[in-house]
Every structure is written in C-alpha cells, then in structure tokens.
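Chain and residue survey
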Amino acid sequence: QVQLVESGGGLVQPGGSLRLSCAASGFTFRNYAMSWYRQAPGKERELVASITSTGGSTNYADSVQGRFTISRDNAKNTVYLQMNSLKPEDTAVYYCHNNIRYFNYWGKGTLVTVSS
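Attention in this report is confined to the structure presented alongside it. No experiment lies behind these values; they were computed from the predicted model shown.

Our focus in this paragraph is the pattern of salt bridges. Under the criterion given, the structure shown has 3 salt bridges. Between Glu 46 and Arg 38 there is a salt bridge, and its shortest N-O distance comes to 2.7 Å. The exposure class of Glu 46 is partly exposed, given its relative accessible area of 34%. Here the salt bridges share partners, and the residues they tie into one network are Arg 38, Glu 46, Arg 67 and Asp 90.

Pasting the structure below:
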C-alpha cells in the first residue's frame, strides 16, 4: 500500500533553516508528481510546493517563493523540502502528498515550529 512518511520537523528560531524529507513506498515513485502541504492551527491546509515526476518543474505558494525549495531523489524514493529564512507564520504541520488515480494520499505530517 502507499505510504508517505515525513521527517525533519522541529523547533527553529526565526531566520533559521530546516529540511523536511518524505520517504515514499508502495508505488512507482518516479512516475508521480509530489507535493508538500501545511496546516497551521485554526487554518485550512494549503499547498506549499509541488514537483513533477522528473523534477523538471516546480511550483510554490507565493508565501514561500524564494525561501523554500522542493526537490526529489527518484533513486531513494524521497522528496525534500528545504526551508530557509523561516518565519513564525511558517509554523504548521507539514504533510507530504500525492495523487494516484484520483485518490489523495497523505503522510501523518511533521510539526515545524518557528519561534524564539
């Protein structure tokens, strides 16, 4: 079955950096686009970044453009989210996501807290 397991979250000071990882299994990873979403307390889940199956094209939310970078390693079945210049408003649970045959798959999420 499809499994997405996030890691790398934690507490970081404003201006700091974190790298999130999502290990995927149960499907042919190299054939599918992948995305990162986040959900802050009291807010709806929002798309942060997405990457095509080959990694040749990426898209970002306006709020993270220029600070976050999504990438993938198809040999390791892993997608990454490098987050730099973190702000308190980036505090959220970050989820790995993909869509296979119109079904959405989600990881359990990893918490990122940006605070001094």
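Structure shown, so let's carry the discussion forward.
An order of β1-β3-β8-β7 is seen for the 4 strands of this open sheet, with the pairing classed as antiparallel. Two strands in the sheet have a free side with no partner beyond their single neighbour: β1 (3–7) and β7 (68–73). Direction aside, the axes of adjacent strands within the sheet are offset by 15° on average. As paired strands, β1 and strand β3 (residues 18–25) are joined by 5 bridges and run antiparallel to one another. Bridging across to β3, Ser 7 finds its partner in Ser 21.

A few words on the nonpolar core. Across soluble globular proteins, nonpolar side chains have a tendency to be buried as a group. Counting residues in hydrophobic clusters, the biggest one holds 30 residues, and the most contacted among them are Trp 36, Val 79, Leu 81, Met 83 and Tyr 94. Going through the elements one at a time, β3, β4 (34–39), β5 (46–51), β7, β8 (78–83), β9 (92–100) and β11 (110–114) are the ones with two or more residues in this core.

Rules used throughout
- Residues numbered from 1 in each chain as written.
- Predicted model: local features only at pLDDT ≥ 70, side-chain atom pairs only at ≥ 80, totals over all residues.
- Heavy atoms only, no water.
- Salt bridge = Lys/Arg side-chain N within 4 Å of Asp/Glu carboxyl O.
- Buried < 20%, exposed > 50% of the residue type's maximum accessible area, 1.4 Å probe, protein only.
- Pairing = 2+ DSSP bridges.
- Helix = DSSP H or I, 4+ residues; strand = E, 2+ residues; numbered from the N terminus.
- Axes fitted to C-alpha atoms, helices over the stretch in contact; angles between N-to-C directions.
- Core = buried A, V, L, I, M, F, W, Y, C linked by side-chain atoms within 4.5 Å.

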